[in-house]
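So you can see what is in the structure, the chains are spelled out below.
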Amino acid sequence: MSRIGKLPISVPADIKATLDGTVLTFTKGTTTQTLDTLGNCGVVLEDNTITFSTNSDQRADRAFWGTYRALAANIITGLTTGFEKKLEINGVGYRAAVQGDVLNLQLGFSHDINFDIPAGVAIAVEKNVISIKGVDKQQIGQIAAVIRSFRPPEPYKGKGVKYSDETILRKAGKTSKK
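Predicted, not measured: the structure shown is a model, and the values here were computed from it.

*Asks:* What is the right way to read the nonpolar core from this model?
*Replies:* A general feature of soluble globular proteins is that nonpolar side chains tend to end up buried together. In this structure, Ile89, Leu103, Leu105, Ile123, Ile130, Ile132 and Ile147 are the most contacted members of the largest nonpolar core, which totals 20 residues. At the level of secondary structure, the elements contributing two or more residues to this core comprise β7 (83-90), β9 (102-106), β10 (113-116), β11 (121-126), β12 (129-134) and α3 (137-150). Element by element, the count of residues in this core is highest for α3, at four residues. Once you skip the residues sitting within four places of it in the chain, isoleucine 123 turns out to touch Val98, Leu103, Ile117, Ile130, Ser131, Ile132, Ile143 and Ile147.

Written out as structure tokens, the structure reads:
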């Protein structure tokens, strides 16, 4: 049995949740997020409480049960507090700047990297830290992964773009023989 799937989700008063068949729609102000369960699990919305149930006792149905409950909880968390990822840039001459709706990265290549900031996402740069904020947890994680992939941290000097909570396993360099 799913320990996550069993837990009911309480919807805050400032978020409007509606259920239309298998599609859950969450609205706060002008921001709208939808979650389509595709009929893989049962959904009940009563008195600002959402509960999920399995369609059968098969392994796949039990997996969908916990997954869709977690996705719905992430949507509610995103609409109430939002999600944030922080990236650190380490290296001589490595820098980032936001210019309008474009993130300009100078990461030691012969050219600058211009990353278009999607709608609904806020990116701020302070010294060598890039902050990515938004409502959709998956989108924030994907943007952070794409920015990190431009210059992943290398193990010898630790230069590159890394998550702020990431630890880099360092390797010893060559030693000269005397």
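*Asks:* What am I meant to see in the pattern of salt bridges here?
*Replies:* A side chain of one charge can pair with a side chain of the opposite charge if their charged atoms are brought near each other. If you walk through the whole model with that rule in mind, you get five salt bridges. Among the ionic pairs, lysine 162 bridges to glutamate 88, the shortest N-O distance being 3.4 Å. Residue lysine 162 is found in strand β13 (residues 160-163), and its partner glutamate 88 is found in strand β7; the two are separated by 74 residues along the sequence. Taking relative accessible area as the criterion, lysine 162 reaches 11% and is therefore assigned buried.

*Asks:* How should the layout of surface pockets be read in this particular structure?
*Replies:* In this approach the atoms are scanned with a rolling probe the size of a water molecule, which exposes any empty space left behind. Here the largest pocket defines a volume of roughly 180 Å³. In terms of lining residues, the largest pocket is bounded by Gln33, Thr34, Leu35, Leu71, Asn74, Ile75, Val135, Asp136, Lys137 and Gln138. Those elements that provide at least two residues to the lining of the largest pocket are β4 (31-36), α2 (59-80) and α3.

*Asks:* What is the right way to read the environment of arginine 69 from this model?
*Replies:* With respect to the helices and strands, the residue arginine 69 is situated in helix α2. Separated by 62 residues in sequence, arginine 69 and leucine 7 have C-alpha atoms that sit 8.2 Å apart. Arginine 69 has contacts with Ile4, Gly5, Leu7, Pro8, Ile9 and Phe52, leaving out every residue within four places of it along the chain. For arginine 69, the side chain forms a polar contact with the main-chain oxygen of isoleucine 4, separated by 3.3 Å.

*Asks:* When you look at the sheet that holds strand β5 (residues 41-46) in this model, what are you seeing that I'm missing?
*Replies:* Within a sheet, each strand pairs with its neighbour through backbone hydrogen bonds, oriented either parallel or antiparallel. Spatially, the three strands line up as an open sheet ordered β1-β6-β5, and their pairing is antiparallel. The open sheet has two edge strands, β1 (9-10) and β5, and neither has a second partner. Across two bridges, β1 lies against strand β6 (residues 49-54) in antiparallel orientation. When the bridges of β6 are listed, isoleucine 9 appears paired with isoleucine 50. Contacts from α2 reach β1, β5 and β6, with the element oriented near 160 degrees to β6.

*Asks:* Looking at this structure, I do not really get the side chain of threonine 37. What am I missing?
*Replies:* In this fold, threonine 37 is placed in the loop between β4 and β5. Reaching out from threonine 37, the side chain makes a polar contact with the backbone oxygen of threonine 22 at a distance of 3.0 Å. The contact partners of threonine 37, leaving out residues within four places of it in the chain, are Thr22, Val43, Phe52 and Tyr68.

*Asks:* I would appreciate a short explanation of the environment of alanine 13 in the present structure.
*Replies:* By the element assignment, alanine 13 lies in the loop between β1 and β2 (16-20). Taking the C-alpha atoms as reference points, alanine 13 and tyrosine 68, separated by 55 residues in sequence, lie 21 Å from one another.

*Asks:* Whenever I open this one, the sheet that holds strand β3 (residues 23-28) confuses me. Can you help?
*Replies:* Taken together, three strands build an open sheet; the order of strands is β2-β3-β4 and the sheet is antiparallel. The open sheet is flanked by β2 and β4, the only strands paired with a single partner. On average, adjacent strands in this sheet sit at an angle of 15 degrees to one another, irrespective of strand direction. Running over the sheet, α2 touches β3 and β4 and is turned about 175 degrees from β4.

*Asks:* Quick question: what am I supposed to make of the packing of aromatic side chains here?
*Replies:* Two descriptors summarise a pair of aromatic rings, namely the distance from one centre to the other and the angle between the planes of the rings. Evaluation of the coordinates by the stated rule reveals two aromatic pairs. An angle of 25 degrees between the planes, with centres 5.9 Å apart, marks the rings of phenylalanine 64 and tyrosine 68 as stacked. Placement of the pair is phenylalanine 64 and tyrosine 68 together in helix α2, with a separation of four residues, close to one helical turn. You can call tyrosine 68 buried: its relative accessible area is 9%. For arginine 151, the ring lying beneath its charged end belongs to phenylalanine 109, and the centroid distance is 4.3 Å.

Each value, and the rule that gives it
- Residues numbered from 1 in each chain as written.
- Predicted model: local features only at pLDDT ≥ 70, side-chain atom pairs only at ≥ 80, totals over all residues.
- Heavy atoms only, no water.
- Core = buried A, V, L, I, M, F, W, Y, C linked by side-chain atoms within 4.5 Å.
- Buried < 20%, exposed > 50% of the residue type's maximum accessible area, 1.4 Å probe, protein only.
- Helix = DSSP H or I, 4+ residues; strand = E, 2+ residues; numbered from the N terminus.
- Contact = heavy atoms within 4.5 Å.
- Salt bridge = Lys/Arg side-chain N within 4 Å of Asp/Glu carboxyl O.
- 1 Å grid on protein atoms, 1.4 Å probe; cavity = no way out; pocket = protein on both sides within 12 Å on 5 of 7 lines; lining within 4 Å.
- Points joined across faces, edges and corners; volume = space filled by probe spheres on them.
- Polar contact = N/O pair within 3.5 Å; in protein donor to acceptor, adjacent residues only side chain to side chain.
- Pairing = 2+ DSSP bridges.
- Axes fitted to C-alpha atoms, helices over the stretch in contact; angles between N-to-C directions.
- Phe/Tyr/Trp six-rings, centres within 6.5 Å; stacked < 30°, edge-to-face > 60°.
- Lys NZ or Arg CZ within 6 Å of the ring centre and 35° of its normal.

Nothing here speaks to function; it is all geometry.
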